[in-house]
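So the chains spell out like this:
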Amino acid sequence: FGVAGDMLYEILDQSLAPTVDGKTTKAIKLCFAAFVLVFCKYHPSGGRPVIPSGAVDELFEAVLHTKESDLFDDGNIFEQQFRRATQLIPEALAALGVMNVDKAVDGNGNVNGESSTTLQLKHDIMLEYGDYLLSPEGGLGDLVRDAELVWNRAFASSYLEDMVGNSTWDVTKPNAGRKYALEFLVNHLLRAEMIQEAAVLLRDERFVRGRLIALGLNKGTKKHVQDCEETFDLLLDIRSSMTEPGDFISRAYEKCGAVISTQLSSSHSLGSTASGHETVDAGLAYNAMGFSLAERNRWLDATYHYNRSYELLDMALGDNEVVASILFNRSVVYFETNQYEKSMESLDECLNQRTAIYGEQGPLVAQTICKKGCVFAAMSDYPAAMYNYRKALDIYQVEPNRSRVEIGNTFQAMGRMHREKGE
């Protein structure tokens, strides 16, 4: 911005540092910097997300408490009316033109309440100003030292103190602040390096149920898998961790699967079957967890989720590539656990579905036949293995330019078989 940018920052510096009791306060400026760092910096929707006021109030109160002795003297008006002050700061930021405060209204023009109020930065320039406040030149000094760690810890801890073990995690209609926590609290815990706490929360059945209620089955499970995978990777880096990463992720998915199963059973107990859409979402959720476990070599745990996924999706979709791919992935799990007969059965079912969809040709048909060759080779039935390898090659070579990698992999599998035979 050059000179114009310097002038803008100077105007904002003056506006966000009013005089209270004869002294300039940094409280509003500090809260603004916290909003930018905690809510905007790494939000998946971009730099100016819409944040519910309940979550903002929790953050501002937590941040001001961490620096209370540095910001307020005894008898200061902020100290006397602390909670009210934290709620007035968003209004001050809106009045200064820094934020938009959107208050939902009903048909009569009445505000629906705090739970419907949201805040959003007005312009990307405000993001840059927030970064400036967090820098050594921003004038906040020690107030922003280790801000990423300290502020995320303060924000996450405030929710955990209220919510862990509390049945209100899984209310049917969570307010906007609670919904934000159900979606993003794990992210804040991990940013605060509270990895053990994140692992505990992801295995809390009421938290998982609340997350699926608030976000929906499809989105909720995707977020759960994403959070579990990130937590798993971080636990691997903590050699002294009391939580074994593999046990953690298996248990977290077990809880999620139990919640999904209960939701489906509830539909039956009410005298109706689960809708096709709900059944498909549940099947895809189990598949996502199975795939995640298989990627981390949790083969036996993955088997359960693939089986549940197949049961639900085969019932809802019939012959379909999604179902066929689950059968193929399940065969890989059986193969890795030396259950070769079950692996072959799953591959035969997969091949039946794929030939029904694509006919006798196509790369996915060839992939399935090649995998059958690998299973036969593992069972030392080398003639059957060679037959399937050659059959797969014949299909791949119909369009060799599109199947170069697959052709190479098939020849490599044939080479491994000859080596095993001592040839």
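Note: the structure precedes this text.
The model shown is predicted, which means the values in this text are computed figures rather than measured ones. (Residues numbered from 1 in each chain as written. Predicted model: local features only at pLDDT ≥ 70, side-chain atom pairs only at ≥ 80, totals over all residues. Heavy atoms only, no water.)

Mapped onto the elements of the fold, Met344 is located in helix H17 (residues 340-358). Sequence spacing of Met344 and Cys374 is 30 residues, and the spatial spacing of their C-alpha atoms is 9.9 Å. For Met344, the residues in contact, after removing those within four places along its chain, are Lys372, Val375 and Phe376. (Helix = DSSP H or I, 4+ residues; strand = E, 2+ residues; numbered from the N terminus. Contact = heavy atoms within 4.5 Å.)

Relative to the 22 Å expected for 16 residues at 1.5 Å per residue, helix H18 (residues 363-378) spans 23 Å between its end C-alpha atoms, a close match to the ideal helical length. H18 sits mainly inside the fold: 12 of its 16 residues count as buried. Its buried side turned inward, H18 meets helix H16 (321-336), H17, helix H19 (382-396) and helix H20 (404-420). (Expected span 1.5 Å × (residues − 1). Buried < 20%, exposed > 50% of the residue type's maximum accessible area, 1.4 Å probe, protein only.)

Turning to the packing of helix H11 (residues 205-215) against helix H12 (residues 217-237), a few remarks are in order. Each packed pair of helices is defined by two parameters, the angle between the axes and the distance between the axes. Following both chains from N to C, one finds H11 and H12 inclined at 135°, their axes separated by 6 Å at the closest point. Accordingly, the angle class assigned to the pair H11 and H12 is oblique. The element H11 and its partner H12 pack so that their crossing is right-handed. Contacts between H11 and H12 involve Val208, Arg211, Leu212 and Leu215 from the first element and Leu217, Lys219, Gly220, Thr221, Lys223, His224 and Asp227 from the second. Class assignment for the residues of the contact of H11 with H12 results in 4 nonpolar, 3 polar and 4 charged. (Axes fitted to C-alpha atoms, helices over the stretch in contact; angles between N-to-C directions. Parallel < 35°, antiparallel > 145°, perpendicular 65-115°, else oblique. Left-handed = near helix turned anticlockwise from the far one by under 90°. Nonpolar A, V, L, I, M, F, W, Y, C, P; charged D, E, K, R; others polar.)

Spatially, S3-S5-S4 is the arrangement adopted by the 3 strands of the open sheet, whose pairing is antiparallel. The sheet is open, and its two edges are formed by strand S3 (51-52) and strand S4 (99-103), each paired on a single side. Pairing geometry for S3 and strand S5 (residues 117-121), over 2 bridges, is antiparallel. Bridge pairing in S5 links Ile51 to Leu119. (Pairing = 2+ DSSP bridges.)

Judged by how many residues are buried, S5 sits mostly within the fold: 4 of 5 residues are covered. When S4 meets S5, the two strands line up antiparallel, connected through 5 bridges. Residue pairing in the sheet places Asn100 in a bridge with Gln120 of S5.

Now for the side chain of Ser158. Topologically, Ser158 is positioned in helix H8 (residues 147-163). Exposure remark for Ser158: the relative accessible area of 12% places this residue in the buried category. Polar side-chain contacts of Ser158 include one of 2.6 Å to the backbone oxygen of Phe155. (Polar contact = N/O pair within 3.5 Å; in protein donor to acceptor, adjacent residues only side chain to side chain.)

Positioned with a positive phi, Asp146 is a non-glycine residue whose angle comes to about 55°. As for its position among the elements, Asp146 is in the loop between helix H7 (124-134) and H8. Taking the relative accessible area as the measure of exposure, Asp146 reaches 53% and is therefore exposed. Residue Glu193 is not a glycine yet carries a positive backbone phi of 60°. Tracing the backbone shows Glu193 in the loop between helix H9 (176-191) and helix H10 (195-202).

We now examine the pattern of salt bridges. As enumerated under the stated definition, the model contains 19 salt bridges in all. For the salt bridge of Asp131 with Lys41, the shortest nitrogen-to-oxygen distance reads 2.6 Å. Here Asp131 is found in helix H7, whereas its partner Lys41 is found in the loop between helix H2 (27-40) and S3, with 90 residues between them in sequence. What makes Lys41 partly exposed here is its relative accessible area of 38%. A salt bridge links Glu349 to Arg330; the shortest N-O distance between them is 3.4 Å. Remark: Arg330 occurs in helix H16 and Glu349 occurs in helix H17; sequence separation between them is 19 residues. (Salt bridge = Lys/Arg side-chain N within 4 Å of Asp/Glu carboxyl O.)

With 19 residues, helix H15 (residues 299-317) extends 25 Å from end C-alpha to end C-alpha; this agrees with the ideal 27 Å at 1.5 Å per step. For H15, the set of buried residues is Trp299, Ala302, Thr303, His305, Tyr306, Arg308, Ser309, Tyr310, Leu312 and Leu313. After H15 finishes, the residue Gly318 shows a positive phi value of roughly 70°.

As a further point, take the nonpolar core. Counting residues in each nonpolar core, the largest one holds 120 residues, and the members touching the most others are Phe32, Phe35, Phe39, Trp151 and Ile260. Counting residues per element, this core draws most heavily on H2, which supplies 13 residues. If sequence neighbours within four positions are ignored, Phe32 has contacts with Leu16, Leu93, Val98, Met99, Leu121, Met126, Tyr129, Gly130 and Leu133. (Core = buried A, V, L, I, M, F, W, Y, C linked by side-chain atoms within 4.5 Å.)

Relative to each other, H2 and H7 sit at 110°, their axes nearing to 9 Å. Accordingly, the angle class assigned to the pair H2 and H7 is roughly perpendicular. Considering the relative orientation of H2 and H7, their crossing is left-handed. Of the residues in H7, those in contact with Lys29, Phe32, Ala33, Val36, Leu37 and Cys40 of H2 are Met126, Leu127, Tyr129, Gly130, Leu133 and Leu134.

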